[in-house]
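Coordinates in review
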Amino acid sequence: MKKISVFIIAIIAVIVMFTVVNMSTYPDLPVNSISPKEAIEKLKKANQIDLVKISQDDNEAWYITENQNGVTEVDENIKKFMSSNGWVFTEKEGSGLFFKKDSGESSVVTTEMWTKKYFLVKVPSHF
């Protein structure tokens, strides 16, 4: 009887450990240059910054931001970020925010809910 109790406790401990480990991991990022945990750490170190760049290549740059008050706040942060670089918001369609410049250039910034707490933002490199 004592051996069965010890065995059951051991199984429960393994299940609890497995659950805790799985809850502390994040889904994969759409980029390979940084791990999910490194991206979160980079965002936490930035403190006051709304969008933190986590990757850039020839085609696009990826940013991460915290989901504090939902999609609307994330969109507003993107609009501020883009307008500070000369872009004017024109419309939103789905997860895409459309911007134009006086020169006639246009750009689409897309958002993706990565986890319940974090959003990923993809900005074209011509930005």
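A brief look at the structure comes next. If you're wondering where the values come from, they're calculated on a predicted model, not measured in any experiment. (Residues numbered from 1 in each chain as written. Predicted model: local features only at pLDDT ≥ 70, side-chain atom pairs only at ≥ 80, totals over all residues. Heavy atoms only, no water.)

Of regular secondary structure, the chain possesses three helices and six strands. On C-alpha atoms alone, the chain measures out to a radius of gyration of 20 Å, which is more than a quarter above the 14 Å that the 2.2 N^0.38 rule sets for 127 residues. By principal-axis analysis of the C-alpha atoms, the chain measures approximately 80 × 30 × 25 Å. When each of the 127 residues of the chain is scored for burial, the buried share is 29%. The long-range fraction of contacts in the chain, counting pairs at least 24 apart against all pairs at least 6 apart in sequence, stands at 41%. Total accessible area on the chain is roughly 8,600 Å²; 56% of this is exposed by carbon and sulfur atoms. If you average the places of the 15 positive and of the 16 negative side-chain charges in the chain, the two averages end up 11 Å apart. (Helix = DSSP H or I, 4+ residues; strand = E, 2+ residues; numbered from the N terminus. Rg over C-alpha atoms; globule rule 2.2 N^0.38 Å. Buried < 20%, exposed > 50% of the residue type's maximum accessible area, 1.4 Å probe, protein only. Contact = heavy atoms within 4.5 Å. Areas by Shrake-Rupley, 256 points an atom, 1.4 Å probe, with all protein chains shown as cover. Lys, Arg positive; Asp, Glu negative; His and termini not counted. Charge placed at Lys NZ, Arg CZ, Asp CG, Glu CD.)

Between the first and last C-alpha of helix α3 (residues 71–83) there are 18 Å, a value that for 13 residues agrees with the 18 Å anticipated at 1.5 Å per step. Within α3, the full set of buried residues consists of Val-74, Asp-75, Asn-77, Ile-78 and Met-82. Looking straight down α3, one finds its buried side chains confined to an arc of 160°; they lie on one side. Exposed residues on α3 whose side chains face more than 90 degrees from its buried face are Thr-72 and Lys-80. For α3, the secondary structure elements touched by its buried residues are β2 (60–66), β3 (88–93), β4 (96–100), β5 (106–113) and β6 (118–124). (Expected span 1.5 Å × (residues − 1). Arc of directions from axis to C-beta.)

This part takes up the pairing of strand β1 (residues 52–56). Direction of pairing for β1 relative to β2: antiparallel, over a ladder of four bridges. Across the sheet, the residue bridging to Gln-56 is Ala-61, located in β2. (Pairing = 2+ DSSP bridges.)

Moving on, we come to a nonpolar patch on the surface. Taken together, the side chains of Ile-4, Phe-7, Ile-8, Ile-11, Ile-12, Ile-15 and Val-16 present a nonpolar region at the surface, about 660 Å² in accessible area. Take Ile-15: it is sitting in helix α1 (residues 2–23). (Patch = residues over 30% accessible without salt bridge, like charges linked within 9 Å, V, L, I, M, F, W, Y side chains within 5 Å. Salt bridge = Lys/Arg side-chain N within 4 Å of Asp/Glu carboxyl O.)

So, about the side chain of Asn-77. Topologically, Asn-77 is positioned in helix α3. Apart from residues no more than four positions distant in its own chain, Asn-77 is found in contact with Asp-50, Leu-51 and Thr-65.

A few words now on the pattern of salt bridges. Oppositely charged side chains are able to pair whenever their charged atoms sit close together. Overall, the coordinates contain four salt bridges when judged by the stated rule. Close ionic contact of Lys-92 with Asp-75 constitutes a salt bridge, the shortest N to O distance being 2.5 Å. With Lys-92 in strand β3 and Asp-75 in helix α3, this residue pair connects regions lying 17 residues apart in the sequence. Looking at Asp-75, the relative accessible area reads 7%, which means it is buried. We note a salt bridge from Glu-76 to Lys-79, for which the minimum N-O separation is 3.2 Å. With Glu-76 and Lys-79 both in helix α3, this residue pair falls three residues apart, about one helical turn. The exposure class assigned to Lys-79 is partly exposed, which follows from its relative accessible area of 23%.

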